[in-house]
Amino acid sequence: MLTAFVWVRIGVTILPSGPAPAASVTPVPIPTIIATGTPGVTMGPASPATTASPVPPDASPSPAAGDVVKIIIPVHGVRAQDLRDTYNDARSAERVHNAIDIMAPRGTPVLATADGEIARLFSSERGGNTIYQFSSDKRLVFYYAHLDRFADGMVAGRRVSQGEVIAYVGDTGNAVAGNYHLHFSIWAVTDPNRYWDGVTINPYPILRNAP
Ligand SMILES: [Zn+2]
């Protein structure tokens, strides 16, 4: 089965290694996620978009087989060696971070980590200005928080291309004032009606291999 996500390219494949799923979570096929290089900042499709075709219904349900989503470090100018693994850091009241914080100066462009679609953008008390982005097949959600502001034209339903500027780094929400960073997380959607929930995936082991 070939999908729009299949590239023939050598990369280090890392299977998602999130916390062990709770017993109540039904295992779902999770695409393999690998890192790719930053294609430079773009304000639109970097190349003629390949129309994502629906997954053929006759495909045998072998999880991850042939399913590869390539992601980039979602902050302009940040290199793999600049990243730190803050995924398991404790946060308030028994919460675990389940995300990585990518430090960058205020106003640094935040890039769509993969092709996909804006699911929702809004301001929350904790996350400040936030964006939820689907992968092209909507099986993954990418979450970007503490944004200074959104890029012009960002609305729910908008299709975005990998590397496109979607927002700018800030310290909104519960980030300490002046502690400018992007809070970034990934999860695999388990219930399409609850895209804001799912099996979290640590972006760090993936992105630290970004070229
Ligand atoms: Zn964070």
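About the criteria used
Counting of residues starts from 1 at the beginning of each chain's written sequence and follows it residue by residue. Only residues with pLDDT of at least 70 get local features here, since the model is predicted, and only at 80 or more are side-chain atom pairs given and counted; chain-wide, interface and lining totals rely on the full set of residues. With hydrogens and water stripped out, all remaining heavy atoms of the structure feed into the side-chain values. Buried residues of nine kinds, namely Ala, Val, Leu, Ile, Met, Phe, Trp, Tyr and Cys, make up a nonpolar core once their side-chain atoms join them within 4.5 Å. Here the term buried applies to any residue with accessible area under 20% of the maximum for its type, exposed to any over 50%, and partly exposed to those in between, with areas from a 1.4 Å probe on protein chains only. We call two residues contacting when some pair of their heavy atoms lies within 4.5 Å. pLDDT measures the predictor's confidence residue by residue and takes values from 0 up to 100. The rule for a salt bridge is simple: a side-chain nitrogen of Lys or Arg has to be within 4 Å of a carboxyl oxygen of Asp or Glu. Side-chain rings of Phe, Tyr and Trp, where Trp is taken by its six-membered ring, are said to pair if the distance between their centres is within 6.5 Å; with planes under 30 degrees apart they count as stacked, over 60 as edge-to-face, and otherwise as tilted. Where helices and strands are cited, they refer to DSSP runs of H or I of at least four residues and of E of at least two residues respectively, numbered from the N terminus. By this definition, two strands are paired if DSSP reports at least two bridges between them. For the purposes of these results, a polar contact is taken to be a pair of N or O atoms within 3.5 Å, where, inside protein, one atom must be able to donate a hydrogen and its partner to accept one; residues adjacent in sequence count only when each atom of the pair is a side-chain atom.

S.K.: Help me out: how do you make sense of the nonpolar core in this one?
M.R.: Burial of nonpolar side chains together is a common tendency in soluble globular proteins. Counting 44 residues, the largest nonpolar core has I71, F142, Y144, I166 and F184 as the members making the most contacts within it. Those residues in contact with I166 that lie beyond four places of it in its chain are V110, L111, A112, I131, Y144, F150, A151, M154 and V160. In this structure, A119, F134, Y143 and Y195 belong to the second largest nonpolar core, which totals 9 residues.

S.K.: Can you walk me through the confidence of the model for the protein in this structure?
M.R.: One rule of thumb: low pLDDT means the predicted coordinates there are not for detailed reading. In this model, the protein carries a mean pLDDT of 81, and residues with pLDDT of at least 70 account for 73%. The low-confidence segment residues 41-65, where pLDDT is below 50, has 22 contacts with residues more than four positions distant or belonging to other chains.

S.K.: Mind showing me how you'd approach the pattern of salt bridges here?
M.R.: Under the counting rule described, the total for this entry stands at 11 salt bridges. Close ionic contact of R158 with E164 constitutes a salt bridge, the shortest N to O distance being 2.7 Å. Residue E164 is classed as buried on the basis of its relative accessible area of 3%. Through salt bridges with shared partners, a single ionic network connects D67, D137 and R139.

S.K.: What is the right way to read the packing of aromatic side chains from this model?
M.R.: Geometry of an aromatic ring pair is reported as the spacing of the ring centres plus the angle between the planes. Using the criterion set out here, one finds 8 aromatic pairs in the structure. Seen in terms of ring centroids, Y132 and Y195 are 5.9 Å apart; in terms of plane orientation they differ by 85°. Their pairing is edge-to-face. With a gap of 63 residues between them, Y132 in strand β6 (residues 128-135) and Y195 in the loop between β10 (181-189) and β11 (198-201) connect regions that are remote in the sequence. In terms of burial, Y132 and Y195 fall into one category: buried. With 5.4 Å between their ring centres and 45° between their planes, Y144 and F184 make a pair best called tilted.

S.K.: Honestly, the pairing of strand β7 (residues 140-150) in this entry has me stumped. Any pointers?
M.R.: Two faces, one strand: in a regular strand the side chains alternate between the faces of the sheet. Here β7 lies mainly inside the structure; 9 of its 11 residues are buried. Two strands pair when backbone bridges link them, and β6 and β7 are joined in this way by 5 bridges, in the antiparallel orientation. If you follow F134 over to β7, its bridge partner there is V141. Two successive antiparallel strands, β6 and β7, enclose a turn made up of 4 residues, where K138 displays a positive phi of approximately 65°. By the bridge criterion, 6 bridges tie β7 to β10 in an arrangement that is antiparallel. Among the inter-strand pairings, V141 is bridged to a residue of β10, identified as W187.

S.K.: Would you take a moment to explain the environment of I33 for this structure?
M.R.: Mapping I33 onto the fold places it in strand β1 (residues 32-35). Placed 168 residues apart in sequence, I33 and I201 show a C-alpha to C-alpha distance of 9.5 Å.

S.K.: What exactly am I supposed to notice about the side chain of D148 here?
M.R.: Take D148: it is sitting in strand β7. Looking at D148, its side chain comes within polar contact range of the side chain of R106, at 2.8 Å. Apart from residues no more than four positions distant in its own chain, D148 is found in contact with R106, N129, Y168, V169, G170 and T172.

S.K.: Just checking my understanding: could you explain unusual backbone geometry for this structure?
M.R.: Notably, N98 is not glycine yet its phi reads approximately 55°, a positive angle. Position of N98 among the secondary structure elements: in the loop between β2 (68-71) and β3 (100-103). Unlike most non-glycine residues, H146 shows phi in positive territory, near 65°. Here H146 shows up in strand β7. Its relative accessible area of 5% is what places H146 among the buried residues.

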